[in-house]
Every structure is written in structure tokens, then in C-alpha cells.
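This is what each chain is made of:
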Amino acid sequence: MIHLNTAGAGLMPDVVANAMLDCLHREVEYGAYETELHYEKILQQEVYKRIAALVGAPADDVAFFDSATRAWVRVVSRLDLKPGDKVWVSPYEYAGNLISLLALRERTGCVIETIPTTTTGDLDLEWMSAHVNGDVAFVSITHIPSGCGIVNPVAEIGRILAGHRAFYAVDACQSVGQVPIDVAAFGCALLTGAGRKFLRGARGTGFAYVAPELRAALQVETYDLHVARADSPTSYVVEDDSARSLELAERTTAAVLGFNAALDYMSTVDAYGNREVYQALRGMLAELPVEMIEPGTVHSGIASFRHATVSAERIRDGLAERGINGWKIHGDHTPIYMGERGIDTAVRLSVHYYNTLDEVAAAGRALAEILGA
Ligand SMILES: Cc1ncc(COP(=O)(O)O)c(C=O)c1O
């Protein structure tokens, strides 16, 4: 099997699967709460320290969630915006994030504006510098979108927004584990990510960095019992106001342990040293009669394309018949950019450090057969 779908979910290393299996076996043998107690140090401290080290944040400012979307909505749905406040999104916004912002607009009367791009498809940074002002309350940038491999200049955008009112959010779901992440260098107040993709954790894992000033500005929704206590029938106290106060207490112990093992494993490999394979993937696709969906000037290990007559589904299935995992993507997952171009479906191939030049060449031969090229 050749796995060119890390943008869907990366392959879990054995250490990740084993950490989860050990936990499940222990839960069966000794009980789930007893198992949680056994792993307390990892669950309460170690995993947070590892997330924090990965993104360059203090451990108190990171939280664990069961998906990147959960991480996002636990913050964004609680933003305290006023009618007329502006929210900027990029055309590469992920649909799940956009829906939560549209719901926020219904609730608060905020206005959503799309940041324009230059002719290359890169975000127009000059426009941002010229238009940022005290009305802009929230800016959302998808670092690397799931449907096309552009890498948005999140640190430069952070510098443009520095000193302005806006809370700056980076969706790092497709970038974390693929390119270095540093919330201090990005200057963001929120960064969300998933564990299952380029970090190679299990499904059902995600995280957020939430800066203290953003946490303090959120509307209270509720607090769960790992951080708060009902000290009388009519009152409660919050005993931990770290980013963990955004979590819910219940979670799958095995998933957290698998995520912790994935982060540990990530620190032992050269996850970011894969440029040759990215380039080979693009070079291979350039030889084929396909339309690349590839805006911008900086690209990553995610490449998408479509063919004039062979459907994305047929191409994905043809690859699968040859033992190669690619993915059919839907334009409405990146609705602004794809919608403007009338792209309903496309094929996405994504490579990580574990993919080889030979695998890319094999995918090229398979695609040539499928497309009759
Ligand atoms: C760019 C981007 N953001 C957010 C998400 C949502 O992640 P999750 O499915 O973990 O909620 C995805 C999922 O593919 C994504 O590609």
C-alpha cells in the first residue's frame, strides 16, 4: 500500500497504536477509571507539555480536544462581537470554520469579509496593511488548506495585525507536523490542529493554543468538572482558568495516550525534511494531462488536480485498485476559493516524510494508466 492521503489521516506509527492498545487492554483488565489513574501523569501533564513544545506555547495555554473543529468552536462560538465588527477570512477558509463564523454573524451581527488575493492567488498583504483598523475584531487564516497546497504567510500576517485590536486565529490542521509551528512567531491568539494528520496520532484527537487575553475575552458558556466546582446549589467556582477550562472532562484515554505517543515520536524524526518528495509529486503531476488546483507561490505536500473527463471518484478508485491511497475532495470543503472556480470535486494526493520518490513515481505510472495518458 502506498499512502498518499496524510491530509486525510496519516499512518499511525506502531508506538501510537501500541500505546492505545495497551490502554484498552488495561481498561478491560483493571477498569477505565483505574487506568486513567495509572496514566495520570501523562494525561494531566505530559501531553500538554508536548503540545506546548510543538507549537512554542506555555503549557497553560494549550488544551486537548477530540477534533480540530471542536477546538475551534469551543473558542470561536464564544467570541463576544458587536454588530458591525469585522471578521476577516481568507478564501482558503475551511468550511467547518466558516459555518461557525456564519453562525456567529447570525448571533452577533458581525460582518464577514474575504481577504482579496493577488493575481498569483497569494493573500494580498498590502490590502491587509492598508485596511486593518479597530473595526477588525477577528482574523482567521487557514495555514494550509485541505483542498490545495498553498502555504499562507501566517507570520507576516501576524506582523501586520500586531498592535491592532483583532484576535488572530490560525487553523494549523493541515500544517502541524508538516511545517514548523511557532505561535509566538505567528503572533496568533488562537491556533487549532488535529492529531490524526501530519502528526500521525489517532482519529478523535485535536488541540488548541488559546492566548490568555483571548480566553479572558470569551463569553462564558459552561465549565466542566475537571476545572470547576459547584460550591453551593446556586454558585460555582472555576479553579483552573488555563486553556483546559475550554475542554470537557470526558475523553477517550486511549486517544490521548496515542496522541502523546505520536508527539513523542514526532520529536525523533525529521518530519519537515521532505521537500524533495513534494517537488517530485508536483513534477509527476505536471507530466499528466490534468488541471492543477494550486494557487499561490509557496506550496506544501498537498497537491490537488482534476481531469477534464475522468471523474475524481474514478481516479481515486483506480488508484485504490493499484494499492495507492489518494482522496476525492469536495470543493465545498473550501467553499470560497473552490466555489469561485466552480470546482465540485478534485483528487488530492498528499505526501509526508515517510513517502519516497519511488512511491511518487509508482503513483505517476498508475495515474497515466487511469487517464489513458
Ligand atoms: C484545514 C482544515 N481545518 C480544519 C479541519 C477540521 O478538522 P477535524 O476534522 O479534526 O475537525 C480540517 C479537516 O480536514 C482541515 O483540513
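The structure reproduced in this document is the subject of the present report. What you see is a predicted model, and the numbers here were worked out from it, not measured in a lab. (Residues numbered from 1 in each chain as written. Predicted model: local features only at pLDDT ≥ 70, side-chain atom pairs only at ≥ 80, totals over all residues. Heavy atoms only, no water.)

Some points on the overall build of the protein
When you go through the protein residue by residue, the secondary structure sums to 14 helices and 15 strands. A compact globule built from 373 residues would reach a C-alpha radius of gyration of about 21 Å, and the protein, at 21 Å, matches this within 12%. With respect to the principal axes defined by its C-alpha atoms, the protein has extents near 70 × 60 × 30 Å. Buried residues in the protein amount to 54% of all 373 residues. Carbon and sulfur atoms form 51% of the exposed surface of the protein, whose accessible area is close to 16100 Å². Between the mean site of the 31 positive side-chain charges and the mean site of the 47 negative ones, the protein shows a separation of 2 Å. (Helix = DSSP H or I, 4+ residues; strand = E, 2+ residues; numbered from the N terminus. Rg over C-alpha atoms; globule rule 2.2 N^0.38 Å. Buried < 20%, exposed > 50% of the residue type's maximum accessible area, 1.4 Å probe, protein only. Areas by Shrake-Rupley, 256 points an atom, 1.4 Å probe, with all protein chains shown as cover. Lys, Arg positive; Asp, Glu negative; His and termini not counted. Charge placed at Lys NZ, Arg CZ, Asp CG, Glu CD.)

Concerning the nonpolar core
Judged by nonpolar contacts, the single largest core of 91 residues is most densely connected at Val55, Val139, Leu190 and Leu191. Among the elements that make up this core, the one with the highest residue count is helix H10 (residues 253-266) (eight residues). Core analysis: the second largest hydrophobic core is formed by 26 residues, Val290, Ala312, Val360 and Ala366 among them. (Core = buried A, V, L, I, M, F, W, Y, C linked by side-chain atoms within 4.5 Å.)

Some thoughts on the sheet that holds strand S14 (residues 327-330)
Strand order in the open sheet formed by four strands is S11-S12-S15-S14, with antiparallel pairing between adjacent strands. At either margin of the open sheet sits one strand with a lone partner, and together these are strand S11 (291-293) and S14. Neighbouring strand axes in the sheet, compared pairwise and without regard to direction, differ in orientation by 40° on average. Across three bridges, S11 lies against strand S12 (residues 302-306) in antiparallel orientation. Paired with methionine 292 across the strands is phenylalanine 305, a residue of S12. (Pairing = 2+ DSSP bridges. Axes fitted to C-alpha atoms, helices over the stretch in contact; angles between N-to-C directions.)

Considering the sheet that holds strand S5 (residues 136-142)
Spatial ordering of the open sheet is given by S2-S8-S7-S6-S5-S3-S4, a layout of seven strands whose pairing is mixed. Strands at the two margins of the open sheet, each flanked by one partner only, are strand S2 (62-65) and strand S4 (111-114). If you compare each strand with its neighbour and ignore which way they point, the axes differ by 20° on average. In this structure, strand S7 (residues 190-194) lies alongside strand S8 (residues 206-210), joined through five bridges in antiparallel fashion. Considered in S8, the bridge of alanine 194 is made with glycine 206. Docked against the sheet, helix H5 (residues 95-108) engages strand S3 (86-89), S4, S5 and strand S6 (167-171), running at close to 145° with respect to S4. (Contact = heavy atoms within 4.5 Å.)

Some points on the site of the ligand
Around the ligand, the surrounding shell holds 13 residues, and the nearest of these are Ala68, Thr69, Asp171, Gln174 and Arg196. One of the side-chain N or O atoms of aspartate 171 is found 2.5 Å from a nitrogen atom in the ligand. Here an oxygen atom of the ligand and a side-chain polar atom of arginine 196 are 2.8 Å apart. Contact with the protein chains hides 89% of the accessible area of the ligand, taken as 390 Å² for the molecule alone. Within the shell around the ligand, the residues separate by chemical class into five nonpolar, five polar and three charged. (Near = heavy atom within 4 Å. Polar contact = N/O pair within 3.5 Å; in protein donor to acceptor, adjacent residues only side chain to side chain. Nonpolar A, V, L, I, M, F, W, Y, C, P; charged D, E, K, R; others polar.)

Focus on the environment of methionine 12
With respect to the helices and strands, methionine 12 occurs in the loop between strand S1 (2-3) and helix H1 (14-30). Taking the C-alpha atoms as reference points, methionine 12 and proline 289, separated by 277 residues in sequence, lie 33 Å from one another. If we skip the residues at most four places from it in the chain, methionine 12 touches Met20, Arg200, Gly201 and Ala202.

What to know about the packing of H1 against H10
Two elements in contact, H1 and H10, have axes separated by 8 Å at closest approach and are oriented at 155°. Between H1 and H10, the angle falls in the class roughly antiparallel. Like other packed secondary-structure pairs, H1 and H10 cross with a definite hand, here right-handed. In contact with Val15, Val16, Ala19, Met20, Cys23, Leu24 and Glu27 of H1, H10 contributes Thr253, Ala254, Ala255, Leu257, Gly258, Ala261, Ala262 and Tyr265. Classifying every residue of the contact of H1 with H10 gives twelve nonpolar, two polar and one charged. (Parallel < 35°, antiparallel > 145°, perpendicular 65-115°, else oblique. Left-handed = near helix turned anticlockwise from the far one by under 90°.)

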